[in-house]
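Residue-level structural notes
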Amino acid sequence: MEESNVPVVDMEKIDCEKGECEKLRKACERWGCFRIINHSIPPTLMAEMKKVNEALHDLPFEIKKRNTEVIAGSGYMAPTAVNPFYEALSLYDFTSSQSLHNFCYQLHVSPHHREIIERYGEAIHGLAVKIGQKIAESLGVVVDDLKDWPCQFRINKYNFTPEAVGSGGVQIHTDSSFLTILQDDENVGGLEVLNPSALFLPVPPFPGSLLVNLGDIARVWSNGRFCNLVHRVQCKEATKRFSIATFMLAPRNRNVEAPEELVDHDHPRLYRPFIYKDYRKLRVSNKMVSGEALELLRLA
Ligand SMILES: O=C(O)CCC(=O)C(=O)O
Ligand SMILES: [Fe+2]
C-alpha cells in the first residue's frame, strides 16, 4: 500500500516513551527517514544559519572554489550538467577545529558568521549523537564512540529559474553517511523520498522540524535491517531554495561493520568490514551515487 507521510518522531518523548522508540525503529526499517520535532535546536539559530548559507553562496565564484575537498565530495560543488541549478559549500568535519578554521579561512567567513556556524555545529552535533544513540538503542546496541565520528556539514543552494520548473535539482541518490540531519527550506519544497512502496513522495516543508535520513553506512551497520534512503530534489517553482545538511559519517579510525549483537545464524554478516574513506572513494570513482557500491562489498 502507498504510504503518504514521512513518520514524525518527538524528541521530547524519545527518552521516556517506549512507543516513540518503536516508531523510530520502524521508521529506520521501513523508510530510512523521519522528521523530528521538539529537537532542541533553537528556531533563531536555524534562521541565522540559513542567512549564513545565503551570504556564503553570494560570494564570487573565485572565492567559493577555494573551498577545497578533504575527502571526495567534501568541498565546493559547482553546478554541473547533471545538476545545473545546484551548488554546495562544505566543511569536512564539524568536530575538528582545524576543519572549521580551514573552511572559514578559505571563504573569508566573518567573525559573526563563524560564531553562528560554531553554535549551530555544536548544537547539531549534539543532536546527531543523541539520535545516533537512540537509533542504536532501538536495536539493543550501545555505540560508545559516536561523539568522535566525523560530521560533515554542507550548505546547499538551488538557483531555480523558470526553465528549471519540472526538472531535477539534485539527482536521485542516497547519502553515504550513517545518518544525515537536514534543515530543508522552510518555504520552498522539492525534496522527494522513496517511500516503502517504492514511489517518490514529495516531502513538503514543515517549519521548525528537521528531517533525519539514514545513509549507506546505516545499512551496513544494522546488517541490512535499516534502509538507506533514496531521495532527490525536484524544482517546483522558480525561486531560490536553501538547505543545510549535517552528515554523521562513520567511525573515525576503525572499520565500518555490524556489531556482534546484530550478527547471528539467522542474520549472517552481509558486508565485508571496510574503512569509510575507502568506501567513499569507491562510490565517487564509480559514480555509484545510490548505494550501488555496497554491492561490491557484499559477502552473502
Ligand atoms: O536539499 C535537500 O533538501 C536535500 C539535499 C540532499 O539530499 C543532500 O545534501 O544530500
Ligand atoms: Fe542527500
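See the structure above.
Residues numbered from 1 in each chain as written. Chains lettered and ligands numbered in written order. Predicted model: local features only at pLDDT ≥ 70, side-chain atom pairs only at ≥ 80, totals over all residues. Heavy atoms only, no water.

Some thoughts on the site of ligand 1
Taken together, 13 residues are adjacent to ligand 1, and Asn156, Tyr158, His231, Arg241 and Ser243 come closest. Measuring from an oxygen atom of ligand 1, one finds a side-chain N or O atom of Asn156 at 3.1 Å. Computed on the free molecule, ligand 1 has an accessible area of 290 Å², of which 98% lies beneath the protein chains in the complex. If you tally residues by element for the shell around ligand 1, the top one is strand β11 (residues 240–248), at four residues. Taken together, the residues that form the shell around ligand 1 break down as six nonpolar, four polar and three charged. (Near = heavy atom within 4 Å. Polar contact = N/O pair within 3.5 Å; in protein donor to acceptor, adjacent residues only side chain to side chain. Areas by Shrake-Rupley, 256 points an atom, 1.4 Å probe, with all protein chains shown as cover. Helix = DSSP H or I, 4+ residues; strand = E, 2+ residues; numbered from the N terminus. Nonpolar A, V, L, I, M, F, W, Y, C, P; charged D, E, K, R; others polar.)

Comments concerning the sheet that holds strand β7 (residues 191–194)
An order of β5-β10-β7-β8 is seen for the four strands of this open sheet, with the pairing classed as antiparallel. The open sheet is flanked by β5 (168–173) and β8 (200–202), the only strands paired with a single partner. Direction aside, the axes of adjacent strands within the sheet are offset by 25° on average. (Pairing = 2+ DSSP bridges. Axes fitted to C-alpha atoms, helices over the stretch in contact; angles between N-to-C directions.)

As for the layout of surface pockets
Estimated volume of the largest pocket: approximately 940 Å³. Lining the largest pocket are 37 residues, and of these Met77, Arg154, Gln171, Arg283 and Val289 sit closest to its centre. Where the lining of the largest pocket is concerned, the elements lending two or more residues are β4 (151–159), β5, β6 (179–183), β10 (231–234), β11 and α7 (276–285). Taken together, the residues that form the lining of the largest pocket break down as 17 nonpolar, 14 polar and six charged. (1 Å grid on protein atoms, 1.4 Å probe; cavity = no way out; pocket = protein on both sides within 12 Å on 5 of 7 lines; lining within 4 Å. Points joined across faces, edges and corners; volume = space filled by probe spheres on them.)

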